[in-house]
Each structure stands twice: as C-alpha cells, then as structure tokens.
Amino acid sequence: MNSQALSFASPEQPHVAIQTPPRCLQCGERTGIGFTLPSNENGNGYRPYYTCSRCGRFSCFGDMRGVLAENPTCFCNDGMQFSRRVISGAEGRRAGIPRSIFYHCATGGCHFFEYMTNDWGEILIYSGPATRRELIFEGF
C-alpha cells in the first residue's frame, strides 16, 4: 500500500480539521481527549483520541494517521471530508472482521463506514506487522 498522507500533513500531527473536540454521534455530548496506552497491541501506542465521557463511545483519533488524499470522502457537510483508513483489531470489534481494512469519518462528525475492497469486491485483510512505524509507513 505505502500511501502518502495529505501533502500538508504529517501522520502524527494533530488533525488539521479538529479545532474543538467533536460531539458524540450517539448522545450529542462534547468528547474529551485521551491517549492510547504505550502497550497498545494494534500499533496505536500514544495516539490521541476522542471519546464521550457520558456514554463512552469512541469518536475518532486526533491525529492525521491514515488520512490520505485517495481515501473516499465521508458524509460531513463542512470541514475536511477525507475519511481515515484503519485496520480492525485482532478481535474485529470495530469493523466486525478481524484485521479488516476500512474507512471511517476522520473527525468523528458522521457515521461514514466503508470496507476497503479489491477489484473483485473482496474485503482486504491486513496481514503485516502491527507496529506503529510499519503502520505509518503503510498509510494507517
């Protein structure tokens, strides 16, 4: 894959379109920022993320990792409409299929979700190493 992030953004910089914490799509409450544990097994150690303090729903990551110019656009009507490319965890909770590659709204502003598929419509599964360095290099 080895894709390039948006030309103006470093993958680890704060997300350029998130000026204030997004609102939770489930309950409407403002989200708060947290950081993933260094021991995160999905290669996401130390990443900033937004989650709802009222209902606990994950909103989005707060960086530019996986936000690529070739990604599909999300449903948001204002701001940056690029989605984020992500790999589901080994248990597949987020996308339903372990290690599947999918896109979702990069800013937590809408319910956009789409699997990444090959030319035959098959859902792509990530089989490489899940280290932070490798995932950034691969565009995640």
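Calculation criteria
Starting from 1, residues in each chain are numbered consecutively following that chain's sequence as written. Reporting in this predicted model follows two pLDDT cut-offs: at least 70 for local features of residues, and 80 or more for side-chain atom pairs to be given and counted; totals over whole chains, interfaces and linings ignore these cut-offs and use all residues. Note that water and hydrogens are dropped before the side-chain values are worked out from all heavy atoms of the structure. Pairing of aromatic rings covers Phe, Tyr and Trp, the last through its six-membered ring, and needs centres within 6.5 Å; plane angles under 30 degrees mean stacked, over 60 mean edge-to-face, and all others mean tilted. Each residue gets one of three labels from its accessible area relative to the maximum for its type: buried under 20%, exposed over 50%, partly exposed in between, using a 1.4 Å probe on protein chains only. Only when the NZ atom of a Lys or the CZ atom of an Arg is both within 6 Å of the ring centre and within 35 degrees of the ring normal do we say a charge sits over the ring. Pairing between two strands requires that DSSP report at least two bridges joining them. A run of H or I in DSSP counts as a helix once it spans at least four residues, and a run of E counts as a strand once it spans at least two, with each numbered from the N terminus. Every angle, taken between N-to-C directions, lies between 0 and 180 degrees, and every axis is a line fitted to C-alpha atoms, over only the stretch in contact when it is a helix.

*Asks:* Explanation requested: the packing of aromatic side chains in the structure shown.
*Replies:* Ring pairs (aromatic) are described by centroid distance and by the angle formed between their planes. Scanning the model with the defined rule gives five aromatic pairs in all. Taken together, a centroid distance of 5.3 Å and an interplanar angle of 70° make the contact between F58 and F61 edge-to-face. Given a relative accessible area of 10%, F61 falls into the buried group. When the ring of F113 is compared with that of Y115, the centres are 5.0 Å apart and the planes differ by 85°; the resulting orientation is edge-to-face. Residue placement shows R47 over the ring face of F61; its charged tip is 3.7 Å from the ring centre.

*Asks:* Explain the sheet that holds strand β4 (residues 83-87) to me, please; I cannot follow it from the model alone.
*Replies:* Two modes of strand pairing occur in sheets, parallel and antiparallel, and in both the strands are linked by backbone hydrogen bonds. One open sheet accounts for three strands, arranged β4-β5-β6; its pairing is antiparallel. Either end of the sheet is taken by a strand with one partner, and the two such strands are β4 and β6 (113-115). For this sheet, the mean inter-axis angle between neighbouring strands, taken without regard to orientation, is 25°. In the sheet, β4 pairs with strand β5 (residues 101-105) via five bridges, with the strands oriented antiparallel. The partner of V86 across the bridge, within β5, is F102.

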